[in-house]
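Each chain, written out:
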Amino acid sequence: MKENAVKRSKELGQDTNDPDFARKSRIANYRLYGAPHAIFLYQHSSLSAWSVLDMGAFAQTIMLAANAKGLATVPQAFLCGYAAEVKKFLAIPHDRRLVLGISIGYPDLSDKAATYVSPRCDLGEVARWVE
């Protein structure tokens, strides 16, 4: 992730050493990276920690379906730091926990950030096949 962050900031012309960089990044997060909409995924607080895996699969399905329709998404765990405020604003019951926020909208393909593709490792680095 660190290597990707360095490569991404270099390709996008961002100076991560700039003292204002972190502030600008937080503001972009608060503003949903310019997306016009957000999806907030909640689950009942009585569910076990394992159920978050189901929520991850659900989130991925939403993002893949959106992509198939020409929409872009950004999963934002950052938004969970403001769960109380989001719950209050959206009138979400107290017995629900915010798992993930997802920004969604049509991508601005003129923005270099929208076309940046992070490097991928070889499958053999993350999986081992046993016969």
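My aim in this report is to walk through the structure given alongside it, one point at a time. Since the structure is predicted, the reported quantities are computational estimates derived from the model, not experimental observations.

Rules and cut-offs
- The residue count restarts for each chain, going from 1 along the sequence in the order it is written.
- Given that this is a predicted model, residues contribute local features only at a pLDDT of at least 70 and side-chain atom pairs are listed and counted only at 80 or more, while totals for whole chains, interfaces and linings are drawn from all residues.
- The side-chain values count all of the structure's non-hydrogen atoms but skip hydrogen atoms and water molecules.
- Note: two strands are recorded as paired if DSSP finds a minimum of 2 bridges between them.
- Each helix is a run of DSSP H or I of at least 4 residues and each strand a run of E of at least 2, with the numbering of both proceeding from the N terminus.
- Helix axes are fitted only over the stretch in contact, all axes being lines through C-alpha atoms; the angle between N-to-C directions runs from 0 to 180 degrees.
- By definition in these notes, contact holds between two residues if any of their heavy atoms fall within 4.5 Å.
- Think of it in three bands: residues with accessible area under 20% of the maximum for their type are buried, residues over 50% are exposed, and the middle band is partly exposed, with areas taken using a 1.4 Å probe on protein chains only.
- The definition of a polar contact used here is a pair of N or O atoms within 3.5 Å, where within protein one atom must be able to donate a hydrogen and the other to accept one, and adjacent residues in sequence count solely through side-chain atom pairs.

## Things to note about the sheet that holds strand S3 (residues 96-105)
Thinking step 1. In spatial order, the strands read S1-S3-S2; together these three strands make up an open sheet with antiparallel pairing. The sheet is open, and its two borders are formed by strand S1 (37-44) and strand S2 (72-76), each paired with just one other strand. Recorded for the sheet is a direction-independent mean angle of 25 degrees between the axes of neighbouring strands.
Thinking step 2. In the sheet, S1 pairs with S3 via eight bridges, with the strands oriented antiparallel. Each residue of the ladder has a partner; that of alanine 38, found in S3, is serine 103.
Thinking step 3. Against the sheet, helix H3 (residues 51-68) makes contact with S1, S2 and S3, and its axis sits at roughly 155 degrees relative to S1, the strand it touches most.

## Things to note about the side chain of glutamine 76
Thinking step 1. Tracing the backbone through its elements, the reader meets glutamine 76 in strand S2.
Thinking step 2. On the basis of relative accessibility, which here comes to 2%, the residue glutamine 76 falls in the buried class.
Thinking step 3. Within the local environment of glutamine 76, its side chain forms a polar contact with the side chain of asparagine 29, the two groups lying 2.6 Å apart.
Thinking step 4. Look past the residues within four positions of glutamine 76 in its chain and what remains in contact with it is Asn29, Leu32, Tyr33, Leu100, Gly101 and Ser103.

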